[in-house]
Amino acid sequence: MKLIDITMPLNNATPPWPGDEPFQYQLTFSMEETGSVNVGQFKGSNHIGTHVDAPYHYDSEGLKIAEIPLERFTGKALLVSIEGKSKISAEDLQHVDFRNVDKVLFKTNSWKDRSKFPETYTVIGEDMGPFLHEKGINLIGVDTPSVDPETSKKLLGHHSLYNHDILILEGLQLAHVTPDIYELMAFPLKMEEADGSPVRAVLKKS
């Protein structure tokens, strides 16, 4: 069994969504102060680095992160490489075999420099929700900050997926992973009021 980490590291230099809360870790009490342990604290957006959106993120009546069943965050995932596209559409996936999986991850390599927020990146077309739902997909993962452009207010990609009960996992690191079928594990923190959560995303290949 091999575990493959596909999670962005979180540190004080991790780029947030423009205008959002950056990640920050600091030592609250040092071992010298306590005499026994180091104690730290962190803060930052729920949507920094590798994270999953809750439906509440784009629907005030939608489920919050702790209300989503754990089973939705693990399962057989197909990693598909689609590079050089500004937008992925259903037409791009006509050749893909989705049998025996219920999750799909897209390797676009369009966010190469993870030290800064990208000026452009590959997004998801609004025809993807119905197409992937028909294929039995219930979660999509991308190696970009979002399935929609940074400037989008309509969030057509998000709503296309949401309207077909497909969860959204963003900010994956996939450059080092070969397209194949894997077991995905990407569990969020159990924050009862949250609109999303950072995850430790891992692939398992037997």
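Notes on the structure follow. (Residues numbered from 1 in each chain as written. Predicted model: local features only at pLDDT ≥ 70, side-chain atom pairs only at ≥ 80, totals over all residues. Heavy atoms only, no water.)

Details of the overall build of the protein
Counted only if it meets this: Strands here mean DSSP runs of E at least two residues long; helices mean DSSP runs of H or I at least four residues long; both are numbered from the N terminus. Two things to know: the radius of gyration comes from C-alpha atoms, and the globule rule equals 2.2 Å times the number of residues to the power 0.38. For every residue, the accessible area (1.4 Å probe, protein chains only) is compared with the maximum for its type, and the residue is labelled buried under 20%, exposed over 50%, or partly exposed between those bounds. Throughout, a contact is declared for two residues whenever any of their heavy atoms are within 4.5 Å.
Within the protein one finds three helices and twelve strands. A compact globule built from 206 residues would reach a C-alpha radius of gyration of about 17 Å, and the protein, at 17 Å, matches this within 12%. Projecting the C-alpha coordinates of the protein onto the three principal axes gives extents of approximately 60 × 40 × 35 Å. Considering the protein as a whole, with its 206 residues, one finds that 46% of them fall into the buried category. Taking the contacts inside the protein whose residues are at least 6 apart along the sequence as the reference set, 74% of them involve residues at least 24 apart.

Topic: the environment of Q173
Locating Q173 in the fold gives a position in the loop between β10 (167-170) and β11 (181-188). Assessed through its relative accessible area of 24%, Q173 is described here as partly exposed.

Thoughts on the pattern of salt bridges
For clarity, the threshold we go by: A pairing counts as a salt bridge when a side-chain nitrogen of Lys or Arg comes within 4 Å of a carboxyl oxygen of Asp or Glu.
Scanning the entire structure with this criterion turns up nine salt bridges. Salt-bridge contacts for E21 lead to K43; the nearest nitrogen and oxygen are separated by 3.7 Å. Placement of the pair is E21 in the loop between β1 (2-5) and β2 (24-29) and K43 in strand β3 (residues 39-43), with a sequence separation of 22 residues. Note that R72 is salt-bridged to D165, the shortest N-O span being 3.3 Å. Pair noted here: R72 is in the loop between β4 (51-53) and β5 (74-81) and D165 is in the loop between α3 (156-162) and β10, with a separation of 93 residues, a long-range link. Under the relative-accessibility criterion, R72 is labelled buried at 14%.

Comments concerning the layout of surface pockets
Convention followed: Computed over the protein atoms alone on a 1 Å grid, cavities are sets of points where a 1.4 Å probe fits but cannot get out and pockets are open sets with protein on both sides within 12 Å along at least five of seven lines; a residue lines them when it has an atom within 4 Å of a point. Grid points are joined across faces, edges and corners, and a volume is the space filled by probe spheres set on the points. Just so you know the grouping, Ala, Val, Leu, Ile, Met, Phe, Trp, Tyr, Cys and Pro go in nonpolar, Asp, Glu, Lys and Arg go in charged, and all remaining residues, Gly too, go in polar.
Roughly 290 Å³ of internal volume is contained in the largest pocket. Classifying every residue of the lining of the largest pocket gives five nonpolar, six polar and five charged.

With respect to the side chain of D92
Filter applied, for reference: Any N or O atom pair separated by 3.5 Å or less is treated as a polar contact, with the protein-specific requirement of one donor-capable and one acceptor-capable atom, and with residues adjacent in sequence counted only for side-chain atom pairs.
Within the secondary structure, D92 sits in the loop between β6 (87-88) and β7 (103-107). When its relative accessible area of 16% is taken as the criterion, D92 is described as buried. Side chain to side chain, D92 and K85 meet in a polar contact 2.9 Å long. A polar contact of 2.9 Å, which involves the side chain of D92, links it to the backbone nitrogen of S89. The residues contacting D92, other than those within four sequence positions of it, are I82, K85 and K87.

Thoughts on the environment of F42
Mapped onto the secondary structure, F42 falls in strand β3. The class for F42 is exposed, based on a relative accessible area of 58%. Contact partners of F42, with chain neighbours within four places excluded, come to F23, Q24 and Y25.

Overview of the pairing of strand β12 (residues 196-205)
Let me state the cut-off plainly: Should DSSP find at least two bridges between two strands, the strands are taken to pair.
Pairing geometry for β1 and β12, over four bridges, is antiparallel. If you follow L3 over to β12, its bridge partner there is K204. Where β4 and β12 come together, three bridges link them in antiparallel fashion. Considered in β12, the bridge of H51 is made with P198. Two strands pair when backbone bridges link them, and β11 and β12 are joined in this way by six bridges, in the antiparallel orientation. Counted as the bridge partner of E183 is K204 from β12.

Looking at empty space enclosed by the protein
Summed over all chains, the structure comprises one cavity of 30 Å³ or more. In terms of lining, the largest cavity is formed by P15, P16, W17, H47, I48, G49, H51, W111, F117, P145 and G171. Residue classes in the lining of the largest cavity are distributed as seven nonpolar, four polar and no charged.

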